[in-house]
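Observations on chain architecture
These are the residues of each chain, in order.
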Amino acid sequence: MISHGGEIKIFSGNSNKPLAEAIAKTLNTTLGEVELTHFSDGEIYCRYDESLRGKDVFIVQSTSDPVNTNLMELLIMIDAAKRASASRITAVMPYYGYARQDRKARSREPITAKLVANLLTTAGADRVLTMDLHCTQIQGFFDIPLDNLIGGPTLQDYYKPKVSDDFVVISPDIGSVGRARKVAGRMNANLAIIDKRRPKANVMEVMNIIGEVEGKSCLMVDDLIDTAGTITQGAKALMDAGAKEVYACCTHGVLSGPAIERLAASPIKELAMLDTINIPEEKILPSFHIISTAKIFASAIENIYLDRPMTKVYDV
C-alpha cells in the first residue's frame, strides 16, 4: 500500500506478533528489528537494531495477558524510540488493557484507564491507535490524539449471510445495548436484551430477557469476553427461553481463568472473535472463528502516516 519514501517503521512487542506481521505484510513492508530481552530479575531490556532518527514509528502491542509485562514492554519501547529521535511515535494497541477501570465505582478505587493514558503520554507516545475501547469516554483521558477503530462492522459482515427472518441480535447486558443496536441495525435484525446483575467482578446472574427469542437464531454481541461467565450464562438463558440456536461474537477474546472450560460446555454454536489478542493454539476450540483485523489497522496506519482523514476507515 505504501509506495513512497522510507520514513515509516513498524515494530512489534511480544504480545501479538502474528497480527503485527500481517499488518506489515498488508503495507508491503516488514517489521523492524528490535531486541527485547529480560534481565535475570525480570526487568525488560529493549534496543532497536536500526536507526529511528526522523522516522514515523508504529509500535504494535496489545496489553493482554500477561498484562503488566506487555504494558511495561510497550512503555519501554516507546521510551527507547523517543530517545532514538523518532519524529513521531504511535502506540498501536489493538486491545487496550485496564479499560474496565474507567471510573470510581466505589470509594478508594483507582481510575487505572486514566493512569495508563498518563503513562503512555509520559513515555513519549504522540498518538494511540486502538479498537473498541471498553468505554468510549476513555478517549477523553488522553491529551494526545487517539483513534478508536470499530470492530462491529467486521463481525457483522461475517454473520450477515446467516441472517434470516428469525434472526435476533442479543445484548448480553444493559451496557452493551448501544453496540448491539448498531449491529442489529446494520443487519436489519431484531434486538433483545439480557437483564443481569453483577454482585462482584467477573460474576453475573441473569435476571430477565427483554425481547422475543423463542424459536429464533440468536447472536450475542459484546466487546470482550474475559472469564466467559456473562456470555455462557446468557447463552444458557436464551436456550432455556426457547431459542433455536445461539451464536456469539466479540472484538477481544481475553479468555482468562475458566473461560475455555465454560465455553466448551456452553450451548454456543460458534464464537467469532477478532485477532486483537493472540490466542494460543491450546486455547482454540472447534467452535472458535478468528477474524483478522490486519487490513483495518493497516489502513489506519497508512492514513496516519499520510496525514489523511480516518473517516473511511471508521466507515469500514
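Residues numbered from 1 in each chain as written. Predicted model: local features only at pLDDT ≥ 70, side-chain atom pairs only at ≥ 80, totals over all residues. Heavy atoms only, no water.

**Brief notes about the overall build of the protein chain**
Helix and strand content of the protein chain: 9 helices and 14 strands. Its C-alpha radius of gyration of 20 Å places the protein chain within 12% of the 20 Å reference for a compact globule of 316 residues. Projecting the C-alpha coordinates of the protein chain onto the three principal axes gives extents of approximately 60 × 45 × 35 Å. Taking as baseline every contact in the protein chain between residues at least 6 positions apart, the subset at least 24 positions apart corresponds to 63%. Of the roughly 14600 Å² of accessible surface on the protein chain, a fraction of 49% belongs to carbon and sulfur atoms. For the protein chain, the centre of its 35 positive side-chain charges and the centre of its 39 negative side-chain charges are spaced 4 Å apart. (Helix = DSSP H or I, 4+ residues; strand = E, 2+ residues; numbered from the N terminus. Rg over C-alpha atoms; globule rule 2.2 N^0.38 Å. Contact = heavy atoms within 4.5 Å. Areas by Shrake-Rupley, 256 points an atom, 1.4 Å probe, with all protein chains shown as cover. Lys, Arg positive; Asp, Glu negative; His and termini not counted. Charge placed at Lys NZ, Arg CZ, Asp CG, Glu CD.)

**Digging into the packing of aromatic side chains**
This structure, assessed with the given rule, holds 5 aromatic pairs. Note on F11 and Y48: the rings are 4.7 Å apart at their centroids and 75° apart in plane angle, and the pair reads as edge-to-face. Taken together, the residues F11 in strand β1 (residues 8-12) and Y48 in strand β3 (residues 44-48) connect sequence positions 37 residues apart. The buried category is assigned to F11, whose relative accessible area is 0%. On the basis of an interplanar angle of 75° and a centroid distance of 6.0 Å, the ring pair of F39 and Y45 is categorised as edge-to-face. Given the relative accessible area of 30%, Y45 is considered partly exposed. (Phe/Tyr/Trp six-rings, centres within 6.5 Å; stacked < 30°, edge-to-face > 60°. Buried < 20%, exposed > 50% of the residue type's maximum accessible area, 1.4 Å probe, protein only.)

**Describing the sheet that holds strand β6 (residues 127-131)**
Sheets are built from strands that pair by backbone hydrogen bonding, the pairs being arranged parallel or antiparallel. Reading across from one edge, β1-β4-β5-β6-β7 is the order of the 5 strands in this open sheet, with parallel pairing throughout. What marks the edges here is a single partner per strand, and that holds for β1 and β7 (146-149). Within the sheet, the average angular offset between the axes of one strand and its neighbour, ignoring direction, is 15°. Strand direction decides the pairing type here: strand β4 (residues 56-60) and strand β5 (residues 88-93), joined by 5 bridges, are parallel. Looking across to β5, one finds that V57 is bridged to I89. The sheet contacts of helix α2 (residues 67-83) involve β1, β4 and β5, and relative to β5 the element is tilted by about 165°. (Pairing = 2+ DSSP bridges. Axes fitted to C-alpha atoms, helices over the stretch in contact; angles between N-to-C directions.)

**Structural notes on helix α8 (residues 294-305)**
Along its 12 residues, α8 runs 16 Å from first to last C-alpha, staying within 8% of the 16 Å computed at 1.5 Å per residue. The buried fraction of α8 amounts to 10 of the 12 residues, a majority that puts the element mostly inside the structure. Taken together, the buried positions of α8 are A294, I296, F297, A298, A300, I301, E302, N303, I304 and Y305. (Expected span 1.5 Å × (residues − 1).)

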